[in-house]
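# Reading the structure
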Amino acid sequence: MALIVQKYGGTSVANLDRIASVARRVIASRENGNDLVVVLSAMSGETDRLIDLAKKINPAPHEREMDVLISTGEQVTVALLAMILNNLSVPARSFLGSQVKIITDSAFTRARITEIEKQQITDELKRGSVVVVAGFQGVDGDGNITTLGRGGSDTTAVALAAALSADLCEIYTDVEGVYTTDPNICPNARKLEKISYDEMLEMASLGAKVLHTRSVEFAKKFSVPLVVKSSFTNGSGTIVTGEDKDMEQVVVSGIAYNVNEAKVTIRGVPDKPGIASRIFGTIADAGIIVDMIIQNVGADNSADITFTVPRSDLKKATEILDGLRGELGAAEVIADENIAKVSIVGVGMRSHAGVASEMFRALAKEGINILMISTSEIKVSCAIERKYTELAVRVLHEQFDLGDDAPLVTQEEL
Ligand code: ASP
Ligand code: MG
């Protein structure tokens, strides 16, 4: 008898038929002798619809109220699934994050889980019920409803799996698993059989949308066995797991891209201690997350500092730099929205030389100019002009031989 946490995303619960199909999957797993905790997203499009409503009232809605609003989508789907299961004579009970309780900090719209009270869930499981939990939401120490950031239901599922020491966490979505890159750009992208937590973490934070980044952090930290698979077929999915020897043989496992960053440059700052600290201290105090950073010192001993921030924070970052310009004696501040970041990811990079240069060569061959470079042990990222994103992804996918030449096998629908 195993304890399994299953999570179903928005397209898997998009309407009553889809929720009924989720119920059939839950029942099948139960009939195999498993205890089940099921975490659901809102119906696809629902969270966006709610956000749009709020923005009609105020472009920057009050964040506490925003969470009261956008957590409602998940309340609908968990109740409906529990009803369908009950109708089929399978005992099931739905719970909101605040009922479980999934306790978070008070950072509305991007809260972090701090603790999970599991008594209620374990009691229900003992009674033989399927426990259905609303994803994406929690409650802070003062009883306020919070949400975990877009895509946060994955994190609810993995955190529950960790707290309950589940044997497996299955993330059901509308694709077959984790691919070498976005199949919309490279139709021959290959589904990976398995990927390491670290690679998945890089892929997720670099823009691959299949898993919420925080969920992968949790999975890694608590060694939660994780599988990403489709709720539309019976494919085996992709296992996300600890690193093993085979994984090191593959130099590059995937190509990720992100078109949601922008770059900003402050030109002609003095080349002396304390300047970077002043700039990035102020940026950090404003809660802006910085990704790539480069600094060049010219012959005249003045420096240019360029960095990237989420596009939604570009205006704020530019204003901050403009504000610092006088104090620092900088020449000018330049903002550029038209960038994209393409990255190659693979644990094999740790033990192979020349990977970055191969990436640069492939981009150069297509005349794609590299604006910025950043690296970690298992990734190399380049900022390029945004209009070249798809070309760059295709060229890199080809260069590192990631494509599958065999046609995709389509699985029969459930
Ligand atoms: N419904 C939320 C969203 O759309 C959370 C999730 O689906 O994971 O972002
Ligand atoms: Mg998602």
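Our structure's up above, just so we're on the same page.
This text gives an overview of the structure that appears in the document. Model, not experiment: these values are computed from the prediction. (Residues numbered from 1 in each chain as written. Chains lettered and ligands numbered in written order. Predicted model: local features only at pLDDT ≥ 70, side-chain atom pairs only at ≥ 80, totals over all residues. Heavy atoms only, no water.)

### Structural notes on the sheet that holds strand S19 (residues 372–376)
With antiparallel pairing, the 4 strands of this open sheet are ordered in space as S13-S18-S20-S19. On the outer flanks of this sheet lie strand S13 (254–258) and S19, each paired with one strand and no other. If you compare each strand with its neighbour and ignore which way they point, the axes differ by 20 degrees on average. Examined bridge by bridge, S19 and strand S20 (residues 379–385) share 5 bridges and lie antiparallel to one another. In the strand pairing of S20, Met372 is matched with Ala383. Contacts from helix H13 (residues 355–365) reach strand S18 (339–345), S19 and S20 within the one sheet, and its direction differs from that of S20 by about 20 degrees. Across the sheet, helix H14 (residues 389–399) touches S13, S18 and S20, and the angle it forms with S18 is around 15 degrees. (Pairing = 2+ DSSP bridges. Helix = DSSP H or I, 4+ residues; strand = E, 2+ residues; numbered from the N terminus. Axes fitted to C-alpha atoms, helices over the stretch in contact; angles between N-to-C directions. Contact = heavy atoms within 4.5 Å.)

### With respect to the site of ligand 1
Residues in close proximity to ligand 1 include Ser41, Ala42, Thr47, Glu74, Phe136, Arg150, Gly151, Gly152 and Ser153, which together make up its full environment. Glu74 is positioned such that a nitrogen or oxygen atom in its side chain is 2.7 Å from a nitrogen atom of ligand 1. The contact in question runs from an oxygen atom of ligand 1 to an N or O atom on the backbone of Gly152, over 3.4 Å. When ligand 1 sits alone it has 260 Å² of accessible area, and the protein chains cover 86% of it. Here the residues of the shell around ligand 1 sort into 2 nonpolar, 5 polar and 2 charged. (Near = heavy atom within 4 Å. Polar contact = N/O pair within 3.5 Å; in protein donor to acceptor, adjacent residues only side chain to side chain. Areas by Shrake-Rupley, 256 points an atom, 1.4 Å probe, with all protein chains shown as cover. Nonpolar A, V, L, I, M, F, W, Y, C, P; charged D, E, K, R; others polar.)

### Some words on empty space enclosed by the protein
One pass over the full model with this rule turns up 1 cavity of 30 Å³ or more. When its volume is computed, the largest cavity comes out at roughly 30 Å³. Together, Ala111, Arg112, Ile113, Leu148, Thr155, His212, Arg214 and Phe218 line the largest cavity. Looking at the lining of the largest cavity residue by residue, the classes come out as 4 nonpolar, 2 polar and 2 charged. (1 Å grid on protein atoms, 1.4 Å probe; cavity = no way out; pocket = protein on both sides within 12 Å on 5 of 7 lines; lining within 4 Å. Points joined across faces, edges and corners; volume = space filled by probe spheres on them.)

### Here we look at the sheet that holds strand S10 (residues 194–196)
Ordered in space as S3-S6-S2-S1-S9-S11-S12-S10, the 8 strands form an open sheet in which the pairing is mixed. Looking along the sheet, the strands with just one partner apiece sit at the ends: strand S3 (92–95) and S10. Taking the axes of each pair of neighbouring strands and ignoring which way they run, one obtains an average angle of 20 degrees across the sheet. In the sheet, strand S2 (residues 35–40) pairs with strand S6 (residues 130–134) via 4 bridges, with the strands oriented parallel. Looking across to S6, one finds that Leu40 is bridged to Ala134. Across the sheet, helix H8 (residues 197–205) lies against S10 and strand S12 (238–241), angled at about 85 degrees from S10, the strand it touches most.

### Structural notes on the pairing of S12
By the alternation rule, side chains of S12 split into Thr238 and Val240, which are all buried, and Ile239 and Thr241, of which none is buried. Where strand S11 (residues 226–230) lies against S12, 3 bridges are found, and the strand directions are antiparallel. Residue Leu226 lies in a different strand from S12, and its bridge partner there is Val240. (Buried < 20%, exposed > 50% of the residue type's maximum accessible area, 1.4 Å probe, protein only.)

### Description of H14
Within H14, the full set of buried residues consists of Thr389, Ala392, Val393, Val395, Leu396 and His397. Of the surrounding elements, those touching the buried residues of H14 are S13, S18, H13 and S20. Following H14 by one or two positions, Asp401 has its phi on the positive side, about 60 degrees.

### Things to note about the packing of aromatic side chains
Enumeration according to the criterion identifies 3 aromatic pairs in this entry. Seen from their ring centres, Tyr8 and Tyr172 are 4.7 Å apart, and the 5 degrees between their planes marks the pair as stacked. Of this pair, Tyr8 sits in strand S1 (residues 3–8) while Tyr172 sits in strand S9 (residues 168–173), and the two are 164 residues apart along the sequence. Across the pair, exposure class does not vary: Tyr8 and Tyr172 are buried alike. (Phe/Tyr/Trp six-rings, centres within 6.5 Å; stacked < 30°, edge-to-face > 60°.)

### Structural notes on the packing of helix H3 (residues 63–70) against helix H4 (residues 72–87)
Running from N to C, H3 and H4 point in directions that differ by 20 degrees, and their axes come no closer than 5 Å. Judged by the inter-axis angle, H3 sits roughly parallel to H4. In contact with Val68, Leu69 and Ile70 of H3, H4 contributes Thr72, Gly73 and Glu74. (Parallel < 35°, antiparallel > 145°, perpendicular 65-115°, else oblique.)

### Observations regarding the side chain of Thr389
Position of Thr389 among the secondary structure elements: in helix H14. Apart from residues no more than four positions distant in its own chain, Thr389 is found in contact with Tyr257, Val259, Ala340, Val342 and Ile384.

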